[in-house]
Amino acid sequence: MEYLNKLNKEQRAAAMYTEGPLLILAGAGSGKTSTMTHRIVYMTEEKGIDPYNILAVTFTNKAAKEMKDRVETLIGHGLNSWILTFHSACLRILRSHAEVLGYGRDFAVYDPTDQKTMIKNIIKELGIDAKRYTPSYFLGIISKCKEKPITAEEYTNVYGDDIKAKTVAQVYGMYERALKKNNAMDFDDLLLNTVRLFKKDETVLLKYQNRFRYIMVDEYQDTNRMQYMFIKMLAEAHNNICVVGDDDQCIYQWRGADIRNILEFEKDFKDVKVVKLEQNYRSTSNILGAAHSVISNNRSRKSKKLWTDQDAGNKIVYYRAEDERDEAYFIASEINRMKSSDRKYNDFAILYRTNSQSRTFEEALSRREIPYRVLGGLRYYDRKEIKDITCYLRLVQNKADDLALIRIINEPKRGIGGKTLEKLRTLAAVRQESIFNTLMDREVISSFSSKISSNIESFTELINSYSSEKENLRISDIYDGLLVKSGYLKALEEQNTLEAESRIENLMEFKSVIYNYEDEDPNITLPEFMERIALLAEVDNHDAGENAVVLMTMHSAKGLEFPFVFMPGMEDGLFPGWRAFDREDGLEEERRLCYVGITRAKERLWLTSAERRTLYGKTDYTRESQFLRELDKSLIEGDAIFEKKKRDVGQGVFSDGITEGSSFKPFDQLKYARQQMKKNLEDSSDDLSAGDMVSHPKFGEGKVLSCDGKIVQISFDGDVKKLAVGFAPLKKL
DNA sequence: CTCAACTAGGTTTTT
DNA sequence: CCTAGTTGAG
């Protein structure tokens, strides 16, 4: 019980209240995670609750991982509770019961890019005027529907049956059918289908109700309707549900988060115990005061007031820059200045409203050779090259994935262009089979010119050889092999541009991600790996130990903290964003976001804005953010010090002597990784004959039994494996 | 079929 | 400003 002494009175009360519904209203920095982890420890260690019966859901993988790690550190061993994100919890459940809903067990998860591609196809197919209806228009509506939920059939009943609604309903319907046909679910489906599953098959629901007798939900203020139903259905049986949240930090309403979930929790469940955590352990009182002066302009909020016993600390710095470059250079030099006093780079964070703001900062930071890390924005697998290679992997795993095939069949260029592909698609549609299957038909292939048909053949051969070997190969070897043998890497190298170089770099980085997974679980299979990737946001990759300044949106920063925080772009129209005024509650949500941003800071906070800002190629004069006007002025240190110094001294030279154009080389892992990859593949010798001794990275040493030039049979300790010559990573001994 | 040159449209935030 | 998509010349 000693470990509970680290908690304050309220925290302890929350941790020890294990039976019945519990609402923890936890202000920013009030030790929420600590309370939750101790609660789990208390339940398992003191109350004798089997960890197997505990379910804890979070929004991000990062939060889930952190909670799990912290519990395991406290108890000193692993535990078999489910501590997962909503989406991965649903995915896990669906994997075991998908057939109840008519899906195959190995259904794919489609990410937003896939969704967009599908909608584009449908728009084309229906001949819809692409100028009036964009893919994102449909996707937005569809996603909203799935949150309610409203099916495609119900759509016109709800929204009338004018042309517009009919079009939407039609697209929605086709989208759903296409998903089903591809045996795929989108992110919304994961939740929706789990709830459907629970409704459809009571034994399944009972099974999980019976397992999860104790349920915890993090960031409850951000749950949407489906997430609420998911939790509610599971919790109904035992009623041991603990939700943690802060209505002031609800920043996902635009995405369907329903703030009523937390405001009405006390009505939803009977005899709710409420605990308020109001002592902030994170920030100085100046920072807290600033946060409070902003958020108190919101009308609809549960009453609570954070307090701290920390000192006032430094005042908040506000700097009004000339333009966004000046803003970035100011921040970069402030980091330099602070850094000298034995601080590490990862003590600094730059939190902005929109991802597009990151560019200027990247420039300014690299010019000063300040290491930085941009999180979010284009996610890893949204980048073209990552998406491409992922599609190769997807196709290897599941040859029926038409979406993946279409994307890569001519990437890199192998002379299979639009015309050819169109023929193949219609043919496959007529024959009601996957495109890949159609490609395997010799008759079909021979109907094309000899050049095209041989191209097709080598493509199918490439996929097939890895597909048949996928059980034997490590993911990293499949990855290397595909990159090299598809010619993808070569095509990039031949471009010989800076851009191609950075693409290669990204591919190498992706490879190190693969290595990490393999290190954690040497037996990880391709499907397992793909699954983890699908639900991974880049923020989850944030390594707090890396000595680099962190750049991300305020949204992504929720749940994190930094000693020094910069919030640039404090201008009306940017923050709060102009779009905030479309929605009734939009401004309040922006204000909550501002609150979240400010409360990330532990010691010092800088706010900046620019007089002129170039956005989408247009330069405009700006007005200082209304949030600045709301801030308690007595907490701000003026910008007097900076006003007099012109930061731009002459052409391209900045006041601290850094010259424009001095290039910045990040690091040269890249060359090394590429050499290794090539070497790895060259090792896979193709001139093997019976009797040779070889070594395989996964199976160890073995003896070649036979080799016909295509397939080699090797005995590893009596275990005979068939491997494809030229593809398996074999080393002749 | 590919490549280059051009145009139009779009940007909030994310699992 | 950037990207994705289109068009026209090889």
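Parameters at a glance
- Residues numbered from 1 in each chain as written.
- Chains lettered and ligands numbered in written order.
- Predicted model: local features only at pLDDT ≥ 70, side-chain atom pairs only at ≥ 80, totals over all residues.
- Heavy atoms only, no water.
- Helix = DSSP H or I, 4+ residues; strand = E, 2+ residues; numbered from the N terminus.
- Buried < 20%, exposed > 50% of the residue type's maximum accessible area, 1.4 Å probe, protein only.
- Contact = heavy atoms within 4.5 Å.
- Areas by Shrake-Rupley, 256 points an atom, 1.4 Å probe, with all protein chains shown as cover.
- Core = buried A, V, L, I, M, F, W, Y, C linked by side-chain atoms within 4.5 Å.
- Domains from an automatic or database assignment.
- Pairing = 2+ DSSP bridges.
- Phe/Tyr/Trp six-rings, centres within 6.5 Å; stacked < 30°, edge-to-face > 60°.
- Lys NZ or Arg CZ within 6 Å of the ring centre and 35° of its normal.
- Near = heavy atom within 4 Å.
- Polar contact = N/O pair within 3.5 Å; in protein donor to acceptor, adjacent residues only side chain to side chain.

A tally of helices and strands in chain A yields 31 helices and 23 strands. Residues counted as buried form 55% of the 733 residues belonging to chain A. Considering only contacts within chain A whose residues lie at least 6 apart along the sequence, 74% involve residues at least 24 apart. Carbon and sulfur atoms make up 48% of the accessible area of chain A, which amounts to about 33,400 Å² in all.

Our focus in this paragraph is the nonpolar core. Grouped together as the largest cluster of nonpolar side chains are 89 residues, with contacts concentrated most on L190, F230 and M567. Of all the elements, helix α11 (residues 225-235) adds the most residues to this core, at eight residues. Residues lining this core come from more than one domain, with at least three contributed by each of domain 1 (2-98 + 191-279) and domain 3 (316-375 + 543-638). Not counting chain neighbours up to four residues away, the residues in contact with M567 comprise L351, M554, F575, C594, G597, I598, L605, W606, L607 and T608. Y466, I524, F529 and L536 belong to the second largest nonpolar core, which has 50 residues in total.

With that settled, the discussion passes to the pairing of strand β9 (residues 316-323). Each regular strand carries side chains that alternate between the two faces of the sheet. Along β9, six of the eight residues are buried, which leaves the element largely enclosed by surrounding structure. Relative to strand β16 (residues 636-637), β9 is paired through two bridges, and the arrangement is parallel. Of the residues in β16, the one forming a bridge with V317 is E637. The pairing of β9 with strand β14 (residues 601-615) spans six bridges and is parallel. Its bridge partner being in β14, D323 is matched across the sheet by R612.

Let us look at the packing of aromatic side chains. Applying the stated rule across the entire model yields 25 aromatic pairs. Plain terms: the ring middles of F86 and F230 are 6.3 Å apart, the flat faces sit at 65° to each other, and that makes the pair edge-to-face. One end of the pair, F86, is in helix α4 (residues 86-97); the other, F230, is in helix α11, with 144 residues separating them in the sequence. Residue F86 is classed as buried on the basis of its relative accessible area of 1%. On the basis of relative accessibility, which here comes to 1%, the residue F230 falls in the buried class. On the basis of an interplanar angle of 20° and a centroid distance of 6.5 Å, the ring pair of F348 and F566 is categorised as stacked. In this pair, F348 sits in strand β10 (residues 348-352) while F566 sits in strand β13 (residues 562-567), placing the two residues 218 residues apart along the sequence. In this pair, the class of F348 matches that of F566, namely buried. Here the aromatic residues F59, W82, F86, F198, Y208, F212 and F230 are joined through ring pairs into a cluster of three or more. It is R211 that lies over the ring of Y52; its NZ or CZ is 3.7 Å from the centre.

Quick look at the protein's contact with DNA strand C now. DNA strand C sits among K120, Y616 and G617. Across the atoms of DNA strand C situated within 4 Å of the protein, the share located in sugar and phosphate is 44%. Contact distances for DNA strand C include 2.5 Å between a phosphate oxygen and a side-chain N or O atom of K120.

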